[in-house]
Amino acid sequence: MTKTRFTLTNIFIAATCLKVLLFVAYHSTDFEVHRNWLAITYNLPVREWYVEKTSQWTLDYPPFFAWFEWILAQLAPQAVRLDGALDIVEQGQYGWPTVAYQRTTVIVTEIVLFLALQWYIDNADKEDKYDELRRFAVAGSIVLSPGLLIIDHIHFQYNGFMYGIMIYSIIAAQQGRLLLSGALFAILLCFKHIYLYLAPAYFVYLLRAYILPGYRLNFVNGIKLGSVVVGVFAVAFAPFVYYGEMPNLLERLFPFSRGLTHAYWAPNVWAFYSFVDRVLGYVYNTSVASATRGIVGDVSFAVLPDIAPRTTFVLTVFYQLLALGPLFLWPNIDRFLASLTLCGYASFLFGWHVHEKAILLVIFPMSFLALKDRRILQCFIPLAVAGYISLFPLIFTSGEALLKSLYTFVWFVMFLQSFNTLVRVSSAAKRRIFLLDRAVMFYLFGFVPLLIGVNLIDRLLPRFEFLQLMMMSVYCSIGVIGSWAGFSWLYFFDDVLW
C-alpha cells in the first residue's frame with residue numbers, strides 16, 4: 001500500500017466506455033427538456049428566458065444552469081444545429097447528432113466529479129495507512145453510482161458535475177478552507193435549487209466554525225463570507241433583477257401547484273401516507289379518487305386529511321432544526337457531514353413534491369461517513385439498497401431493464417463487500433443487536449420477491465400500471481425511513497461517535 005497511489009483514472013476510462021455504449025439507450029422527456037433549454041438560451045435574450053413557454057418544458061433551474069445551457073448551445077456543432085436541436089418548438093424533432101452531442105456533454109462535464117473525488121483521495125491521512133484505501137472505496141462508490149448511471153446517462157440529466165461541486169465544497173470544509181466551501185456551495189445553489197435541502201447545515205457550520213469560533217464573533221470573517229455569498233448571488237440574479245423578471249423566475253423555481261407527490265411516489269413518508277389512504281379508500285368503499293395515479297398535479301386523499309405545503313414545510317424544518325442543534329453546539333467536520341445527511345433525509349422524507357432522484361442528496365453525504373463506524377454502515381446499507389432500487393422505475397424499457405439490474409447488483413457486491421472489509425469497528429459496534437441485524441438482512445432479501453412480483457405484474461396485469469410503482473415506493477420507503485431512524489439515534493445519543 002505504501003507504494004500504491006490510488007487513482008480514479010482507470011475507472012474514468014472504463015466508465016466512459018460504458019456510457020458511450022449507452023448513447024443508443026432509452027432517454028426520458030428530460031432529454032427534450034434540456035434540448036428545449038438549449039434552444040431558449042441560444043435564441044432569446046436573457047430577459048425572456050424565464051417567460052418563454054412555447055414548450056411545456058419551460059426553463060425552471062436557477063440562472064447559472066441557464067448560462068450553462070447557453071454555453072453548451074454556443075459549442076454545438078453545425079450538424080447539431082441543422083438537426084433541430086436549437087429550434088424553439090412545442091415538441092423537438094431531432095436525430096442522432098443531437099443525441100450524441102447531449103450525451104457527450106453529460107460525460108464531459110462529469111469530469112468535475114472525478115476531479116473532486118480524486119482530490120478527496122489525495123488528501124488522505126498519511127498517518128493512517130488504510131485511510132487512502134477507504135477514501136478510494138468511497139470515491140469509487142460515488143463515481144460508479146447506479147443512481148448517476150440511471151439518472152444521468154440513461155434517463156438523462158446533468159447531476160454529475162453538480163455533485164462534483166458539492167463534493168469540492170465538502171472537501172474544502174474538511175481542510176478548514178471554509179470561505180472556499182461557502183463560495184462553492186453558493187455557486188451550487190445558483191445551478192440547482194434542490195441543494196437548498198442541505199443549506200441549513202452549511203449555514204450553521206460556517207456560522208459557528210468561521211464567524212463564531214469559540215462563540216466569539218470574527219467580524220472580518222463574517223464580512224468575507226457574506227461578501228462572497230452575496231457576490232455569487234448578485235452575479236447570478238442581477239440581470240433578472242435589472243429586467244424586472246425576478247417574479248417570473250421565482251415562480252418557475254418554486255411551483256407549489258405541482259402537488260404533494262411526484263408522478264411516481266418517492267420512497268418517503270408521503271408514499272406511506274398515500275398507500276394507507278388507498279387501503280382505507282377500498283375498506284370504506286369511497287368514491288373519491290385517492291392520491292396520485294401517476295399524474296403530476298394537485299393531490300387529494302380519499303379518507304386521510306389532505307396535506308398542505310405548509311405542513312410539509314413545518315415538518316421538514318422541525319427535523320432539520322433537531323439535526324442543527326448538536327452541530328451548533330459542537331461544530332466539527334463529522335457532525336457537519338452527519339447534519340448534511342439528516343437535512344437531506346428530512347427534506348426527502350417530508351418535503352413537498354419530492355422527486356425520487358433526490359435520494360442522492362442523502363446517499364452521497366452519508367457515503368463519507370459510512371466507513372467511520374460499523375453502526376453507521378449498518379444504516380447506510382439499507383439506504384443505498386432501497387435508494388438505488390427505488391430509481392428502477394425511471395427506466396421501464398425492456399432493453400435497459402437487465403442492464404440497470406445487473407449493474408446495480410455488481411455495484412452492491414463490489415462496494416458493500418469492500419465497505420464491510422474496510423469499515424472501522426469500535427468496541428460499541430461489536431455489541432450489535434442480533435434482531436436488528438437480522439431484520440435488515442431479511443429486508444434486503446425481500447427485494448428479490450419484490451422485483452420478481454413487479455415484473456410479473458407489469459407483464460401479466462398491464463391494466464394495473466401504477467400498482468408496481470406503489471409496491472416499489474412503499475417497500476423502499478421502509479428502508480429509507482428505517483435508516484433515517486437508526487442514523488438519527490446514533491447522531492443524537494452516541495456522543496463518543498462524533
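All values reported here derive from a predicted model rather than from experimental measurement.

Focus: the state of the cysteines
Counting across every chain of the model gives zero disulfides. Between Cys-190, a cysteine without a disulfide, and Cys-343, which holds the nearest cysteine sulfur, the sulfur-to-sulfur distance is 19 Å. The buried category is assigned to Cys-190, whose relative accessible area is 0%. Sulfur of Cys-379: no disulfide; nearest cysteine sulfur belongs to Cys-343 and is 17 Å away. For Cys-379, a relative accessible area of 8% puts it in the buried group.

Details of unusual backbone geometry
Here Phe-156, not a glycine, exhibits a phi torsion of approximately 95°, which is positive. Following the sequence through the fold, Phe-156 ends up in helix H8 (residues 146-156). Positive phi values are uncommon outside glycine, yet His-353 reaches one of about 50°. Its place among the elements puts His-353 in the loop between helix H16 (333-350) and helix H17 (360-367). A relative accessible area of 9% places His-353 in the buried class.

Observations concerning the side chain of Ser-473
In this structure, Ser-473 sits in helix H23 (residues 467-493). Setting aside residues no more than four positions away along its own chain, Ser-473 makes contact with Tyr-264, Trp-265, Pro-267 and Ala-271.

Some thoughts on the environment of Ile-395
Following the sequence through the fold, Ile-395 ends up in the loop between helix H18 (374-389) and helix H19 (398-422). Separated by 259 residues in the primary sequence, Ile-395 and Phe-136 have C-alpha atoms spaced 29 Å apart.

Some words on the side chain of Asp-494
Along the chain, the position of Asp-494 falls in the segment after H23. Judged by its relative accessible area of 14%, Asp-494 falls in the buried class. Filtering out sequence-adjacent residues up to four positions away, Asp-494 remains in contact with Arg-375 and Trp-489.

As for the nonpolar core
Core analysis: the largest hydrophobic core is formed by 153 residues, its most contacted members being Tyr-195, Tyr-345, Phe-380 and Phe-487. Ignoring any residue separated from it by four or fewer positions in sequence, one finds Tyr-345 in contact with Val-362, Met-366, Leu-383, Val-480, Ser-483, Trp-484 and Phe-487. Judged by nonpolar contacts, the second largest core, of seven residues, contains Leu-260, Trp-270, Val-299 and Ile-307.

Examining a nonpolar patch on the surface
A grouping of Leu-402, Leu-406, Phe-409, Val-410, Val-413 and Met-414 is seen on the molecular surface, where their side chains present a nonpolar patch of about 600 Å² in accessible area. Mapping Val-410 onto the fold places it in helix H19.

Focus: the packing of helix H7 (residues 131-143) against H19
Running from amino to carboxyl end, H7 crosses H19 at an angle of 155°, the nearest separation of the two axes being 10 Å. Relative to H19, H7 is oriented roughly antiparallel. The two elements H7 and H19 meet at a crossing, and its hand is left-handed. Of H19, the residues touching H7 (which contributes Leu-133, Arg-134, Ala-137, Val-138, Gly-140 and Ser-141) are Trp-411, Phe-415, Ser-418, Phe-419 and Leu-422. Each residue belonging to the contact of H7 with H19 can be placed in one class, and the counts come to seven nonpolar, three polar and one charged.

As for the pattern of salt bridges
For the structure shown, the criterion picks out 10 salt bridges. In this structure, the salt-bridge partner of Asp-128 is Arg-134, at a minimum N-O distance of 3.3 Å. Between Lys-357 and Glu-356 there is a salt bridge, with its nearest N and O atoms 3.8 Å apart. Since its relative accessible area comes to 12%, Lys-357 is described here as buried. Taking relative accessible area as the criterion, Glu-356 reaches 1% and is therefore assigned buried. Through salt bridges with shared partners, a single network forms among Asp-128, Asp-131, Arg-134, Arg-135 and Arg-424.

Digging into the packing of helix H11 (residues 199-211) against H16
Packed helices, taken two at a time, are described by the angle between their axes plus the distance between the axes. It is at 8 Å that the axes of H11 and H16 come closest, and there the two elements cross at 155°. Taken together, the axis directions place H11 and H16 in an arrangement best described as roughly antiparallel. When the axes of H11 and H16 are compared, the crossing they make is right-handed. For the pair formed by H11 and H16, the contact residues are Pro-200, Ala-201, Tyr-202 and Tyr-205 on the first element and Ile-333, Phe-336, Ser-339, Leu-340 and Cys-343 on the second. For the contact of H11 with H16, a count of residues per class yields eight nonpolar, one polar and no charged.

Thoughts on the packing of aromatic side chains
Inspection of every chain in the model, using the stated rule, returns 47 aromatic pairs. Aromatic side chains Tyr-319 and Phe-350 sit 4.7 Å apart centroid to centroid with 10° between the ring planes, which places their arrangement in the stacked category. In this pair, Tyr-319 sits in helix H15 (residues 309-329) while Phe-350 sits in helix H16, placing the two residues 31 residues apart along the sequence. Plain terms: the ring middles of Phe-380 and Phe-419 are 6.0 Å apart, the flat faces sit at 35° to each other, and that makes the pair tilted. One end of the pair, Phe-380, is in helix H18; the other, Phe-419, is in helix H19, with 39 residues separating them in the sequence. Ring-pair connections join several aromatic residues into one group, and the members of that group are Phe-31, Trp-37, Tyr-61, Phe-64, Phe-65, Phe-68, Tyr-94, Phe-156, Tyr-158, Phe-161 and Phe-191. Its end group placed over the ring of Tyr-215, Arg-208 keeps NZ or CZ at 3.9 Å from the ring centre.

Procedures and definitions
- Residues numbered from 1 in each chain as written.
- Predicted model: local features only at pLDDT ≥ 70, side-chain atom pairs only at ≥ 80, totals over all residues.
- Heavy atoms only, no water.
- Disulfide = S-S within 2.5 Å.
- Buried < 20%, exposed > 50% of the residue type's maximum accessible area, 1.4 Å probe, protein only.
- Helix = DSSP H or I, 4+ residues; strand = E, 2+ residues; numbered from the N terminus.
- Contact = heavy atoms within 4.5 Å.
- Core = buried A, V, L, I, M, F, W, Y, C linked by side-chain atoms within 4.5 Å.
- Patch = residues over 30% accessible without salt bridge, like charges linked within 9 Å, V, L, I, M, F, W, Y side chains within 5 Å.
- Areas by Shrake-Rupley, 256 points an atom, 1.4 Å probe, with all protein chains shown as cover.
- Salt bridge = Lys/Arg side-chain N within 4 Å of Asp/Glu carboxyl O.
- Axes fitted to C-alpha atoms, helices over the stretch in contact; angles between N-to-C directions.
- Parallel < 35°, antiparallel > 145°, perpendicular 65-115°, else oblique.
- Left-handed = near helix turned anticlockwise from the far one by under 90°.
- Nonpolar A, V, L, I, M, F, W, Y, C, P; charged D, E, K, R; others polar.
- Phe/Tyr/Trp six-rings, centres within 6.5 Å; stacked < 30°, edge-to-face > 60°.
- Lys NZ or Arg CZ within 6 Å of the ring centre and 35° of its normal.

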